[in-house]
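Chains, contacts and geometry: an overview
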Amino acid sequence: MTNPTLLVAKHTYLTRLKKKSFWWLIISPILLIAAAGLLGYGISYFSNDQPAKVAIIGPSTSREAINQSASKMNIKVSSITDEQSAQSALKKQTIDGILTLNDGQGTLVTQQKAPKIDKDQLQAVLSKLFLTTQAENYGLTARQTAALMTPFSLKTTVQNQSSQQDADNNQAAKAVISVAVTIIVLLIVSTYASLIGNEIANEKSSRIMETLLAASSAQAQYFGKLLGITGLLVTQLLSYVVLGVGANLFGQQITMVKQALSYLTALTPAFLTYTFVFIIVATGLYLILAAIAASLVNDTSQVSQAMVPVTTLAMIPYVVGLASASNGGNNVVVRIFAYIPFMSQSTMPSLLANQYVNWWQALLSLTISLIALVALAQYGQKLYAKNVLSYSDENILKQLLASFKRS
C-alpha cells in the first residue's frame, strides 16, 4: 500500500464520518429496532386478557377459597351471591360468568366473548374444596385431612441443565439469525454501494477527477476509496458491538432487554466474529462492483442506474436466504450458494447457526470469498483505470458489459 492510497482512504473516511448522514445511518436501525420492540411490548401489554368477572353461587367458604386463588385462574370474584341477580348481570354483560356449586358438583356458564379462564386451575381448587368437605363429613381430624391432601412428592433434575437452556436459546436465536443476516447484508450492500458510487460520481461530475489522478494515480484513488468506505462499514459494525456490550452491562435490569439478551447469549463469540468478518468481505466484493460501475457515470444522476446491476445481484442471495430460512440445510441450491462468492454471505452463516455445516466448511466458504475479493480487486483496478476518465452517453449497463468484454 502506498502513501497516496492511505491519504485517499483517510480523506474518504473522515469526510463521510463528519457528515450527519453517516451517523443517521448508524442510529436509524437502532431506532427502528427500539420502535419495533416498544410496539411489540405495547401490543402485548394492552392485549393481555383482563380477569373474567365471575359470580359464585354457593357456600361462602367456597367463595372465599376461590377468591384466594383467583389470580391463578384469571378470574375476579363478583360480589353477587344470588342466582337471580347473577343471571340478570350476565344478561346485561356486567359479569363474564356464573359458577354454581352444589353438593360436590359445579356448573360454569360464561359469555361467548368472556376472557379465558384457566379451567385446570379451577378444577384443582374445586377438587381440593370437595375433598376437604368430604373429610369433614367422615369425621377426619384436621391432621388427618392435611395428610390426605398432601400430594405425592416427585423430584426431577435435568442433567447438564445449563447446556439444555443454551440449546433452547440457540434454537430460538438461530431461527432469527437465518433471516436477520440475509436482511442485514442486503441493507449494508445497498447502502455502501451507493456511498462509493456517489463518491466517484461527485468527482467525475465536478471534473476534478483529472486533477486527482494527476496528483496521485488511478490505483491510489481506487483502493483508497475502497478502504475508506470499508472503514466506515467497520466503524458502524463496531459501534453496534459497543452498544451490544453496553446493553449487556447496563440493560440487565430492564426485563425486555434482559429477555432479548438471553437469546443472544446462545450465539458464541466465534460465530459472531465469523459473521462480522464475512459481512465485511462480502460487502467488499459488492463495493468493487459498485466502484467499477460508478467509474462509468458522468454525473450523480446516473448513480442509481449504475447501481442496478449491483443491487440486482445482491437480491439473489436475499431471496434465496429468505425462501429457505426454515429448512435451508436440506436445500441443495442453498448448499451450493454457500460456497459461491457474492451469494455465500447470506447462506453460510445461516447454515452454520443451524448446525447444517461444520466449522471447516464455513471457513472454506470464507476463504473462497477472500480469494475472490483479492482477485476481483486487482481486476477491478484495471477496469477502473480505463473507465474513470471516460465520459460516454451510452447506457451504463451496455458500457459495463462492454468494459468486461474488452478486459
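Note that the coordinates shown come from a computational prediction; the quantities given were computed from them, not determined experimentally.

Residues Ser-62, Arg-63 and Ile-66 constitute the buried set of helix H3 (residues 60-68). One side of H3 holds all its buried residues, which, seen down the axis, span an arc of 100°. Looking at H3, the residues exposed on the side facing more than 90 degrees away from the buried face are Thr-61, Glu-64 and Gln-68. On the buried face of H3, the contacting elements are strand E1 (52-57), helix H4 (70-73), strand E2 (75-77), strand E3 (97-102) and helix H6 (119-137).

Before going further, it helps to examine the side chain of Ser-346. With respect to the secondary-structure elements, Ser-346 resides in the loop between helix H14 (332-337) and helix H15 (348-353). For Ser-346, the contacting residues outside a window of four places in its chain are Thr-182, Val-185, Pro-317 and Gly-321.

Next up on the list: the packing of helix H10 (residues 218-250) against helix H12 (residues 269-294). With their axes 10 Å apart at the nearest point, H10 and H12 run at an angle of 145° to one another. Judged by the sense of rotation from one axis to the other, the crossing of H10 with H12 is right-handed. Residues Tyr-222, Leu-226, Ile-229, Thr-230, Leu-233, Val-234, Leu-237, Leu-238 and Val-241 of H10 touch H12, and the partners they reach there are Phe-276, Ile-279, Ile-280, Thr-283, Leu-287, Ile-288 and Ala-291.

Our next topic: the layout of surface pockets. Of the volumes computed, that of the second largest pocket is approximately 720 Å³. Ser-62, Leu-101, Leu-126, Leu-129 and Phe-130 are the residues nearest the centre of the second largest pocket, which is lined by 26 residues in total. Contributing elements (two or more residues each) for the lining of the second largest pocket: H3, E3, strand E4 (105-110) and H6. When residues of the lining of the second largest pocket are assigned to their parent elements, the largest contribution, 13 residues, is made by H6.

Moving on to the pattern of salt bridges. One pass over the full model with this rule turns up one salt bridge. Its salt-bridge partner being Arg-16, residue Glu-199 comes within 3.1 Å of it at the nearest N-O pair. Remark: Arg-16 occurs in helix H1 (residues 3-17) and Glu-199 occurs in helix H8 (residues 161-205); sequence separation between them is 183 residues.

It is at 9 Å that the axes of H12 and helix H16 (residues 359-387) come closest, and there the two elements cross at 20°. In terms of orientation, H12 lies roughly parallel with respect to H16. Once H12 is placed against H16, the crossing between them reads as left-handed. A per-class count over the contact of H12 with H16 returns 22 nonpolar, five polar and no charged.

Inspection of the secondary structure assignment puts Phe-278 in helix H12. With a relative accessible area of 1%, Phe-278 lands in the buried category. Once the C-alpha coordinates of Phe-278 and Gln-345 are considered, the two residues, 67 residues apart in sequence, prove to be 6.1 Å apart. Beyond its immediate sequence surroundings of up to four residues, Phe-278 is in contact with Ser-344, Gln-345, Met-348, Pro-349, Ser-365, Leu-366 and Ser-369.

By the element assignment, Thr-5 lies in helix H1. For Thr-5, the contacting residues outside a window of four places in its chain are Ala-220, Phe-223, Gly-224 and Leu-227.

With 76% of its residues at a pLDDT of at least 70, the chain reaches an overall mean of 77. No element of the chain has a lower mean pLDDT than helix H11 (residues 255-264), at 61, and none a higher one than H16, at 90. Contacts for the low-pLDDT stretch residues 158-165, under 50 throughout, to residues beyond four places or in other chains number one contact.

On to the pairing of E3. As judged from the four bridges shared by E1 and E3, these two strands associate in the parallel manner. Bridge pairing links Ile-57 to Thr-100 in E3. Pairing of E3 with E4 involves six bridges; the strand directions are antiparallel. Pairing of Gly-97 across the sheet is with Thr-110, part of E4.

The next thing to look at is helix H5 (residues 83-91). All of the buried residues in H5 are Ala-86, Ala-89 and Leu-90. End-on view of H5: buried residues confined to an arc of 100°, all on one side of the axis. Residues of H5 that are exposed and point over 90 degrees away from its buried face: Gln-84 and Lys-91.

Moving on: a nonpolar patch on the surface. Together, Leu-238, Val-241, Val-245, Leu-249 and Phe-250 make up a nonpolar patch on the protein surface, roughly 520 Å² of accessible area in all. The exposure class of Val-241 is partly exposed, given its relative accessible area of 43%.

With 63 residues, the main nonpolar core has Tyr-192, Ile-196, Tyr-222, Ile-288 and Met-307 as its most contacted residues. For this core, the elements supplying multiple residues, two or more each, are helix H2 (20-46), H8, H10, H12, helix H13 (303-323), H14, H15 and H16. The leading source of residues in this core is H12, at 16 residues.

Further remarks concern the packing of aromatic side chains. Within this structure, the stated rule accounts for six aromatic pairs. Pairing Tyr-222 with Phe-223 gives two aromatic rings, centres 4.8 Å apart and planes at 75°, and the pair type is edge-to-face. Both residues of the pair, Tyr-222 and Phe-223, count as buried. For the ring pair Tyr-222 and Tyr-384, a centre distance of 5.4 Å and an interplane angle of 45° mean the geometry is tilted. Here Tyr-384 lies in helix H16 and Tyr-222 lies in helix H10, a separation of 162 residues in the sequence. For Tyr-222, a relative accessible area of 2% translates into the label buried. Using a relative accessible area of 1% as the deciding quantity, one classes Tyr-384 as buried. Grouping aromatic residues by their ring pairs yields a cluster made of Tyr-222, Phe-223 and Tyr-384.

Thresholds, definitions, all that
Residues numbered from 1 in each chain as written. Predicted model: local features only at pLDDT ≥ 70, side-chain atom pairs only at ≥ 80, totals over all residues. Heavy atoms only, no water. Buried < 20%, exposed > 50% of the residue type's maximum accessible area, 1.4 Å probe, protein only. Helix = DSSP H or I, 4+ residues; strand = E, 2+ residues; numbered from the N terminus. Arc of directions from axis to C-beta. Contact = heavy atoms within 4.5 Å. Axes fitted to C-alpha atoms, helices over the stretch in contact; angles between N-to-C directions. Left-handed = near helix turned anticlockwise from the far one by under 90°. 1 Å grid on protein atoms, 1.4 Å probe; cavity = no way out; pocket = protein on both sides within 12 Å on 5 of 7 lines; lining within 4 Å. Points joined across faces, edges and corners; volume = space filled by probe spheres on them. Salt bridge = Lys/Arg side-chain N within 4 Å of Asp/Glu carboxyl O. Parallel < 35°, antiparallel > 145°, perpendicular 65-115°, else oblique. Nonpolar A, V, L, I, M, F, W, Y, C, P; charged D, E, K, R; others polar. pLDDT = per-residue confidence, 0-100. Pairing = 2+ DSSP bridges. Patch = residues over 30% accessible without salt bridge, like charges linked within 9 Å, V, L, I, M, F, W, Y side chains within 5 Å. Areas by Shrake-Rupley, 256 points an atom, 1.4 Å probe, with all protein chains shown as cover. Core = buried A, V, L, I, M, F, W, Y, C linked by side-chain atoms within 4.5 Å. Phe/Tyr/Trp six-rings, centres within 6.5 Å; stacked < 30°, edge-to-face > 60°.

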